[in-house]
Amino acid sequence: MADLAENEASRFVLEGVPIAVVKDSAGDVFAIGDVCTHGDISLSEGFVEDDTLECWAHGSKFSLKTGKPLTLPAYEPVPVYQVQITDGDVHIDPAVTLAV
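Since the structure is predicted, the reported quantities are computational estimates derived from the model, not experimental observations.

*Asks:* Report on the side chain of Asp-24, specifying residues and quantitative values.
*Replies:* You can see Asp-24 is positioned in the loop between β2 (17-23) and β3 (29-33). Within the buried core, Asp-24 has no salt-bridge partner, and the shortest N-O distance to an opposite charge, that of Lys-65, equals 6.7 Å. Side-chain polar atoms of Asp-24 contact the backbone nitrogen of Ala-26, separated by 3.0 Å. Within the local environment of Asp-24, its side chain forms a polar contact with the backbone nitrogen of Asp-28, the two atoms lying 2.8 Å apart. In this view, Asp-24 contacts Glu-6, Asn-7 and Phe-30; residues no more than four positions away in its chain are not counted.

Set out below in structure tokens:
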């Protein structure tokens, strides 16, 4: 967890699934699908603002908590993954998405 920069997204590929991982200013860690649903763009290259991750290409903001797009042009949500912190290590199972 110490390797995660605050208010920045990092891209990880777990079992072939691209995931954007964000540590917010409160130290909470979120994991959402890394591919914007509007275009095939990596969200981890975007901008973290409050509890959103903004796609750098077209400006859609996705909620880190729900995966729902909060601005157009995206209208489909991205998956949200359960995050567990154990002894400072971040654990994400790409097969388990949260229903929100």
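Okay, back to it.
*Asks:* For the nonpolar core, give the residues involved together with the corresponding values.
*Replies:* A general tendency of soluble globular proteins is for nonpolar side chains to be buried together. Of all hydrophobic cores here, the largest spans 16 residues; its most connected members are Val-22, Ile-32, Cys-36, Leu-43, Leu-53, Phe-62 and Leu-64. Those elements that provide at least two residues to this core are β2 and β3. With near-sequence residues (within four places) excluded, Val-22 lies in contact with Glu-8, Ala-9, Asp-28, Val-29, Phe-30, Val-48, Leu-53 and Leu-64. Ile-19, Val-21, Tyr-81 and Ile-92 belong to the second-largest nonpolar core, a separate cluster that totals seven residues.

*Asks:* Residue-level account of unusual backbone geometry, with values.
*Replies:* For the peptide bond that leads from Leu-72 to Pro-73, omega is 15°, which places it in the cis range. Relative to the helices and strands, Pro-73 resides in the loop between β6 (61-63) and β7 (80-86). One non-glycine residue, Asn-7, lies in positive phi territory at about 60°. Looking at the element boundaries, Asn-7 is found in the segment before β1 (9-14). A relative accessible area of 31% means that Asn-7 is categorised as partly exposed. The phi dihedral of Asp-87 is positive, around 50°, even though this residue is not glycine. Position of Asp-87 relative to the elements: it lies in the loop between β7 and β8 (89-97). Among the residues examined, Asp-87 registers a relative accessible area of 77% and is labelled exposed.

*Asks:* Now, about the sheet that holds β6: what can you tell me, with residues and values included?
*Replies:* Here three strands make up an open sheet; going across it, the order is β4-β5-β6 and the pairing antiparallel. The strands lining the two open edges of the sheet, one partner per strand, are β4 (47-49) and β6. Averaged over all pairs of adjacent strands, the angle between their axes in this sheet comes to 30°, without regard to strand direction. Pairing of β4 with strand β5 (residues 52-54) involves three bridges; the strand directions are antiparallel. Opposite Glu-49, over in β5, you have Thr-52 as the bridge partner.

What counts, and where the lines are drawn
Residues numbered from 1 in each chain as written. Predicted model: local features only at pLDDT ≥ 70, side-chain atom pairs only at ≥ 80, totals over all residues. Heavy atoms only, no water. Helix = DSSP H or I, 4+ residues; strand = E, 2+ residues; numbered from the N terminus. Buried < 20%, exposed > 50% of the residue type's maximum accessible area, 1.4 Å probe, protein only. Lys, Arg positive; Asp, Glu negative; His and termini not counted. Salt bridge = Lys/Arg side-chain N within 4 Å of Asp/Glu carboxyl O. Polar contact = N/O pair within 3.5 Å; in protein donor to acceptor, adjacent residues only side chain to side chain. Contact = heavy atoms within 4.5 Å. Core = buried A, V, L, I, M, F, W, Y, C linked by side-chain atoms within 4.5 Å. Pairing = 2+ DSSP bridges. Axes fitted to C-alpha atoms, helices over the stretch in contact; angles between N-to-C directions.

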